[in-house]
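# Examination of the molecular architecture
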Amino acid sequence: MSQSAAEGWVRGIVHDGYPTWGSCSLGVFICLACSGIHRNFPDISKVKSLSLSHWEDHEFMAENGNELMKSKYEAAVPVYYYKPTHKDCQVLREQWIRAKYERKEFSNPGNSFTYEEGMRDGVLMKRGRDNGQFLSRRFVLSEREGTLKYFTKYDAKEPKAVIKVDTINATFQPEKIGNPNGLQITYLKDYSTRNIFIYHDSGKEIVDWFNSIRAVQLHYLKVAFPGATDAELIPKLTRNFLKEGYMEKTGPRQTEGFKKRWFTLDHRRLMYFKDPLDAFAKGEVFLGNRDHGYNASPGLPAGTHCNGTWQHGITIETPDRCFLFTCETESDQQDWLKHFNDVVSAPMSPQEYTSKNSQLLSSP
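Residues numbered from 1 in each chain as written. Predicted model: local features only at pLDDT ≥ 70, side-chain atom pairs only at ≥ 80, totals over all residues. Heavy atoms only, no water.

Named according to an unreviewed UniProt entry, the protein chain is ArfGAP with dual PH domains 1 originating from Amphiprion ocellaris. What UniProt records for the protein chain under Subcellular location (unreviewed entry) is the sentence "Cytoplasm". (UniProt positions renumbered as here; feature names shortened; annotations may be inferred.)

Another aspect to go through is empty space enclosed by the protein. One pass over the full model with this rule turns up three cavities of 30 Å³ or more. The space that makes up the largest cavity amounts to roughly 40 Å³. Within the residue set of the lining of the largest cavity, elements represented by two or more residues are strand S4 (119-127) and strand S10 (192-199). Sort the elements by how many residues they give to the lining of the largest cavity and S10 lands first, with four residues. (1 Å grid on protein atoms, 1.4 Å probe; cavity = no way out; pocket = protein on both sides within 12 Å on 5 of 7 lines; lining within 4 Å. Points joined across faces, edges and corners; volume = space filled by probe spheres on them. Helix = DSSP H or I, 4+ residues; strand = E, 2+ residues; numbered from the N terminus.)

This paragraph deals with unusual backbone geometry. In this structure, Lys104 takes a positive phi of about 50° despite not being glycine. Looking at the element boundaries, Lys104 is found in the loop between helix H5 (90-102) and S4. Classification of Lys104 as partly exposed rests on a relative accessible area of 44%. In the Ramachandran plot, His267 falls in the positive-phi region, its phi being about 55° despite a non-glycine side chain. Secondary-structure assignment places His267 in the loop between strand S12 (259-266) and strand S13 (269-273). (Buried < 20%, exposed > 50% of the residue type's maximum accessible area, 1.4 Å probe, protein only.)

Our next topic: the packing of aromatic side chains. Under the counting rule described, the total for this entry stands at 19 aromatic pairs. Aromatic side chains Tyr80 and Tyr115 sit 6.3 Å apart centroid to centroid with 75° between the ring planes, which places their arrangement in the edge-to-face category. Placement of Tyr80 in the loop between helix H4 (66-73) and H5 and of Tyr115 in the loop between H5 and S4 is noted, with a sequence separation of 35 residues between them. Relative accessible area serves as the criterion here: at 4%, Tyr80 is assigned to the buried category. (Phe/Tyr/Trp six-rings, centres within 6.5 Å; stacked < 30°, edge-to-face > 60°.)

This paragraph deals with the nonpolar core. With 39 residues, the main nonpolar core has Tyr81, Phe172 and Ile185 as its most contacted residues. When residues in this core are grouped by element, the largest group, nine residues, is from helix H7 (residues 203-224). If sequence neighbours within four positions are ignored, Tyr81 has contacts with Gln95, Trp96, Ala99, Phe106, Tyr115, Val207, Asn211 and Arg214. (Core = buried A, V, L, I, M, F, W, Y, C linked by side-chain atoms within 4.5 Å. Contact = heavy atoms within 4.5 Å.)

Okay, the pairing of strand S9 (residues 183-189) next. Counting buried positions along S9 yields five of seven residues, so the element is predominantly enclosed. As defined by bridge partners, strand S8 (residues 169-172) adjoins S9 across four bridges and the pair is classed as antiparallel. In the strand pairing of S9, Thr171 is matched with Gln184. In this sheet, S10 lies alongside S9 in antiparallel orientation, the contact comprising seven bridges. Paired with Gln184 across the strands is Phe197, a residue of S10. In this structure, the hairpin formed by S9 and S10 is closed by a connection of two residues, where Asp190 is found at a positive phi of approximately 55°. (Pairing = 2+ DSSP bridges.)

Structure below.
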C-alpha cells in the first residue's frame, strides 16, 4: 500500500467513528483514555494517534483489528469477570487491559483462575465506622461457607462481621473514598444497608477481590436457580449504583426544614446519608412499579414551605407517603427524575415482590 493510500486508510478509520488511537504492536484500535493505559507497558503495546502519527504499520493493522484480537485475547474470559466500559474507573480499565494483553489470562481455554479458588484471604485497608481512619483488616472470602468475613486483628479467632455473599454488592468509588483503588461493599444487616469502604495499594489485588466476590456469587446463584442461564444470572451479581449525589429533603410531616443529604439510588432502593461515607443510611425508600402507586414528578405540592437553599423540587409518591426533595440545579433535577422514572416504569421481579426490602424502611 502506498503512503497516500495508507493516509487515506487512516482518515477513513477516523471518519467512520472508530477510536482515534491504535496499538501498532497489538493490532487494535483504542480510545484516548485507554491509550494512556497502554503507554504504561511499552514493551507490549506501542500506541499511535490515527490522525497525528506517521503510520507504516497499516498492513499489520488491517490484517488484525479488534475483532480478531478479541477472539485471541478474550478467548476464555470467565462469565463472572467484570468487563469495564469507558464509564468505569481507571483501576478497573487498567487491570482489564493488563489481564488481557500483559498477563494473557484469557488467551488459553482451560486456564485456572485465582478468582475460582473458592477461598481468598488477605489484608485490606478498611475505613473505621466511627473514627473515619483506614486501618488494616484481615478479610476472608469463602465459597464453601458463602461468606465474607473481616477481623480486626490478623490472628483474631472471631470475626468482627460475617457477611453473606448473596447480600453483597461491591462498587468502585475512588472519588468518594479518596483512593484510586477504593471499593465500597454494601450488604444487608437487620434489613438495612451497611456500607464498608476498603482499598488496597495494589490495583490488581483489589480488582482480584472484586472478581472473586463475583465468582462466589455466581456459584451460589447457580445453586439457587439451577435452571437459569448465565445471561440471566450475571445481572444479579455486583452492580453499579444508578446515581449518587446531594439533594435536600424534608421530614415526613413536611413542615421541617429541608436538610442536605447524600443520596444513593441502588436499583429500587433510594438511600440517604448525612455523609457519603456513613456506615448506615439514615433512611431507605423502596421504589416499586408505577402500577402499584409509585410515581416521581417535578416540583413540590402546593403550599409546601421550601426553606432550603435549593429550589428545583421532586416529589416521589409511594403507597405510604410522599417524599419531597430539592436539587441544586434544573439539570440535576432532570437527571434524578429520569432515573426515578426508569425505575418505577420497570416491571418488578417475583423476588422483589416477596422481598422484605419492599417495605418502607425510612426514618425522618
